Amino acid sequence: MRELVIISGKGGTGKTSITAAFAHLASLQGGAMLCDLDVDAPDLHLLLSPEHNEEHAFRSGFEAVIDPALCTGCGTCAELCRFGAVRPGQGDDGTGWRIDALRCEGCKVCVQFCPAQAIGFTEKHCGQWYASGTRFGPMIHAQLFPGEENSGRLVALLKKEARTRAEALGLSLLLCDGAPGIGCPVIASLSGASQAVLVTEPTPSGRHDLERVADLCRHFRIPAAVIINKSDLNLQNSADIEQYCQEQGHTLLGRLPHDEVVVRAMVQAKCVTELPATPFSEALRSIWERIVHLEPKAAARPVLFQPKPNA
Amino acid sequence: MIYAIASGKGGTGKTTVTASLAALWDRPVIAVDLDVEEPNLHLFLHPELTSEESACMEIPVLDAARCTLCGECAAFCQFKALSVMGKTLLLFPEMCHGCGGCLALCPEKALSPGGRELGQIVSGHFRTDHSSSGRAQDAGFLMGRLRVGEAMSPPLMRQVKARLPQTPGTDILIDSPPGVSCPAVNAVMDADVIVLVTEPTPFGLHDFRLAVEAFRPLGKPMGAVVNRAGIGDMGVQDFCRAQGIPVWAEIPFNRAVAEAYSRGEVVARAVPELHAVLLALMARMQGAAATSISTANPAEVRHA
């Protein structure tokens, strides 16, 4: 199965609008399993209006809770906690200890070493995930509860579900919208991917973040192909990004213009390719054709990974 | 006072707003980039960087000669960073969260502390446009940069935050990572005031609601900046009104702003009509901070 993951490093470069249009174009060519892996701030559903066929709780990790009736106030937990999660003042008189749930890492050290066995350890319900149907095919997506952690585990779960269901349905393409950044959810979304599509923009931050996310793809040996969105904002920067891609051996998929059709489509909960043709949607269609016909290839320059000191 | 500039959705203009505020700030200030996965603030503030050091997290190192394969560490570890396979204890350092539990637990003292590189902490300084005395002044700059391939950003963020000087009278502006999960919460949890930057589109609104839901329980004063005002719809403004969240600034959409940004400029300097908008935002943020001192829990007040 071919697994495309659309990421960007920098947020707001157009990942989700582009993924939704790809979902539309793929649906005209045999279809794809769709997957929103930005579980923290998912937006793909706003364009694809999925109907939830299944809803599941996502439980992962634990959090410590001090029982004030058993706590002797010895402070062992506060001494051992590496995360600053044990805070003074649990009782009304300001004595004893309490756990700050936002800082608690769920490591169990305080539970293990509490001499009074006053600390409980409860599993956390971190979010919900869904198997849905959209006008472009089946979709797996989720919502992590605000402020929760373990997004990497949720991403891994979604990918596993998406793969299993795609196989059962005979779909040979998995199309995933990823999260910004280069941390745990992005790393989890790249696991097992056959191609990363990197959406960038011709700004200093777009370029900087592209290099870091491209280095991440190389680190995990995933081939990277680049789209330059809003390319006419700065033609010199766009040309520099193209040169960078050539030097690094990343496939260059093409340029998209800065176009208000993206917002117009979003307000109507549609994909740009569902609206009357614009230069943006036409450019996006040819980029999609290029992706469909990309030769499977190894990651760019499978050299030993060396992060640049000043990347 | 600590001000965190955050957003649910990425790319709404956090860094644009932080860089402009830092350049215009009229009190002693330190600009801090806590978006360690993709730090960008330096690309606009152009600070002179004077030091860079690597940041490490403590992870266990095995002395196999002492290990009796009792498996207590592996059974305890919540993150599957240790595992007994046949006649060896395997360590998976990239899974370790650095809690120190295995080190404390091992009855044979077969595990000792080692380090995993999280990334770098970079510091320097930049010039602001003016101070209360009317002259440009030197301001501090601090950023974390996650090592490419490292999955966990909160440990590095904690180390960057630990470098923040506790100088009374110096304000701190934090450029936060996008999203509403652990990295974003880590960036805003120590702030006195939260500024949420959003855009007036369905994506902007959806992620703004998530951010409000995530950050409101922290009980800190919070205001919105609507960037690219004029595109999209009025959903964000309507939501703010219904929720009682003040809109501290509207930055009109203007191609000149986007182009100045694409050249790595501070937009409040490059686009004259934004100068007053950002100054007004600064005044509202400072006003909210002044109010928060009088209402905050005394134990939580810092830099008071």
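By convention here, each chain's residues receive numbers from 1 onward along its written sequence. Labels follow written order: the first chain is A, the first ligand is 1, and so on. Totals for whole chains, interfaces and linings use all residues, but because this is a predicted model, local features are given only for residues with pLDDT of at least 70 and pairs of side-chain atoms are given and counted only at 80 or more. Side-chain calculation: all heavy atoms of the structure are included, whereas hydrogens and water are not.

1. A closer look at the domain arrangement of chain A
All names here are of chain A.
For step 1, the next point in the chain: You can read the domains of chain A as domain 1 (2–49 + 135–292) and domain 2 (61–125).
For step 2, the next point in the chain: The C-alpha-based centres of domain 1 and domain 2 are spaced at 41 Å.
For step 3, the next point in the chain: The contact criterion used is simple: two residues touch if any of their non-hydrogen atoms lie within 4.5 Å. Each partner contributes residues to the interface: domain 1 has six residues there, and domain 2 has six residues.
For step 4, the next point in the chain: For any pair of parts, buried area is found by adding up, for both, the accessible area (1.4 Å probe) each one loses once the two are put together. Both faces considered, domain 1 and domain 2 share a buried interface measuring about 430 Å² in area, 37% of it formed by carbon and sulfur atoms.
For step 5, the next point in the chain: The three residues of domain 1 that bury the most area against domain 2 are Phe 145, Glu 148 and Glu 149, which together make up 72% of that side's buried surface.
For step 6, the next point in the chain: Salt bridge, as used here: a side-chain nitrogen of Lys or Arg that lies within 4 Å of a carboxyl oxygen of Asp or Glu. Between domain 1 and domain 2 we count two salt bridges in total.
For step 7, the next point in the chain: Across the pair Lys 124 and Glu 148 runs a salt bridge, and its minimum N-O distance is 3.4 Å.
For step 8, the next point in the chain: Throughout this entry, Asp, Glu, Lys and Arg are counted as charged residues, while Ala, Val, Leu, Ile, Met, Phe, Trp, Tyr, Cys and Pro are counted as nonpolar. The remaining residues, Gly among them, count as polar. The residue inventory of the side of domain 1 that touches domain 2, partitioned by class, reads one nonpolar, two polar and three charged. For the domains described, the bounds stem from an automatic or database domain assignment.

2. Structural notes on helix α7 (residues 202–215) of chain B
For step 1, the next point in the chain: Only DSSP runs of H or I reaching four residues or more are called helices, and only runs of E reaching two or more are called strands; each is numbered from the N terminus. The span expected for a helix works out to 1.5 Å for each residue beyond the first. The end-to-end C-alpha distance of α7(B) is 20 Å, a good match for the 20 Å that 14 residues give at a rise of 1.5 Å each.
For step 2, the next point in the chain: Here's how the labels work: a residue is buried when its accessible area is under 20% of the maximum for its type, exposed when over 50%, partly exposed in between, all with a 1.4 Å probe on protein chains only. For α7(B), a buried count of 12 out of 14 residues is recorded, marking the element as mostly surrounded by other parts of the structure.

3. Focus: a nonpolar patch on the surface
Residue and element names in this part refer to chain B.
For step 1, the next point in the chain: Each patch groups residues whose relative accessible area exceeds 30% and which form no salt bridge, using 9 Å between like charges and 5 Å between nonpolar side chains of Val, Leu, Ile, Met, Phe, Trp and Tyr. Under the convention used here, a 1.4 Å probe and the Shrake-Rupley method define accessible areas, while residue burial counts only the protein chains that appear. A contiguous nonpolar surface patch, about 330 Å² in accessible area, is contributed by Met 85, Leu 90, Phe 92 and Met 95.
For step 2, the next point in the chain: When you line up the elements, Met 95 lands in the loop between β5 (88–91) and α4 (101–105).
For step 3, the next point in the chain: Since its relative accessible area comes to 35%, Met 95 is described here as partly exposed.

4. Here we look at the sheet that holds strand β11 (residues 247–252) of chain B
Across a sheet, strands are paired by hydrogen bonds formed along the backbone, either parallel or antiparallel in direction.
All names here are of chain B.
For step 1, the next point in the chain: Read across the sheet, nine strands follow the order β3-β6-β7-β2-β8-β1-β9-β10-β11 without closing on themselves; strand pairing throughout is mixed. Only two strands of the sheet have a single partner each, and these edge strands are β3 (48–62) and β11. Ignoring which end each strand starts from, the neighbouring axes of this sheet average 20° apart.
For step 2, the next point in the chain: Where strand β2 (residues 29–33) meets strand β7 (residues 138–146), four bridges bridge the pair, whose relative direction is parallel. Bridge assignment links Ile 30 to a residue of β7, and that residue is Gly 140. DSSP bridges decide pairing: two strands pair if at least two such bridges lie between them. Helix axes are fitted only over the stretch in contact, all axes being lines through C-alpha atoms; the angle between N-to-C directions runs from 0 to 180 degrees.

5. A short note on the confidence of the model for chain B
Residues and elements named next belong to chain B.
For step 1, the next point in the chain: Per-residue confidence for chain B gives a mean pLDDT of 93; residues scoring 70 or more make up 94%.
For step 2, the next point in the chain: Counting contacts from residues 296–304, a segment whose pLDDT is below 50, to residues more than four positions away or on other chains yields 11 contacts.
For step 3, the next point in the chain: This complex was scored by the predictor with a pTM of 0.93 and an ipTM of 0.92. How sure the predictor is of each residue is captured by pLDDT, a score from 0 to 100.

6. Considerations on the domain arrangement of chain B
Many structure descriptions define interface size as the accessible area lost when the parts assemble.
For step 1, the next point in the chain: For chain B, the assigned domains are domain 1 (2–55 + 118–296) and domain 2 (64–109).
For step 2, the next point in the chain: The C-alpha centroid of domain 2 of chain B is placed 40 Å from the C-alpha centroid of domain 1 of chain B.

7. Description of the interface of chain A and chain B
For step 1, the next point in the chain: The partner chain B presents 63 residues to the 65 residues of chain A that form the contact.
For step 2, the next point in the chain: Of the roughly 5200 Å² buried where chain A meets chain B, counting both sides, 60% is carbon and sulfur surface.
For step 3, the next point in the chain: On the chain A side of the interface with chain B, the three residues burying the most area are A:Arg82, A:Pro146 and A:Arg212, jointly 11% of the side's total.
For step 4, the next point in the chain: Inspection of the region where chain A meets chain B yields four salt bridges.
For step 5, the next point in the chain: In this structure, A:Asp232 engages B:Arg255 in a salt bridge whose closest nitrogen and oxygen atoms are separated by 3.4 Å.
For step 6, the next point in the chain: Side-chain atoms alone can form a polar contact between residues adjacent in sequence; in general such a contact is a pair of N or O atoms within 3.5 Å, and within protein one must be able to donate a hydrogen while the other accepts it. Linking chain A with chain B are 27 residue pairs in polar contact (both at pLDDT 80 or more), by the criterion used here.
For step 7, the next point in the chain: The set of elements that each furnish at least two residues to the side of chain A that touches chain B consists of α1 (15–27), α2 (44–48), α4 (109–113), β7 (137–144), α6 (184–190), α7 (204–219) and α9 (261–267) of chain A.
For step 8, the next point in the chain: Tallying contributions element by element places α7(A) first for the side of chain A that touches chain B, with nine residues.
For step 9, the next point in the chain: Taken together, the residues that form the side of chain A that touches chain B break down as 29 nonpolar, 20 polar and 16 charged.

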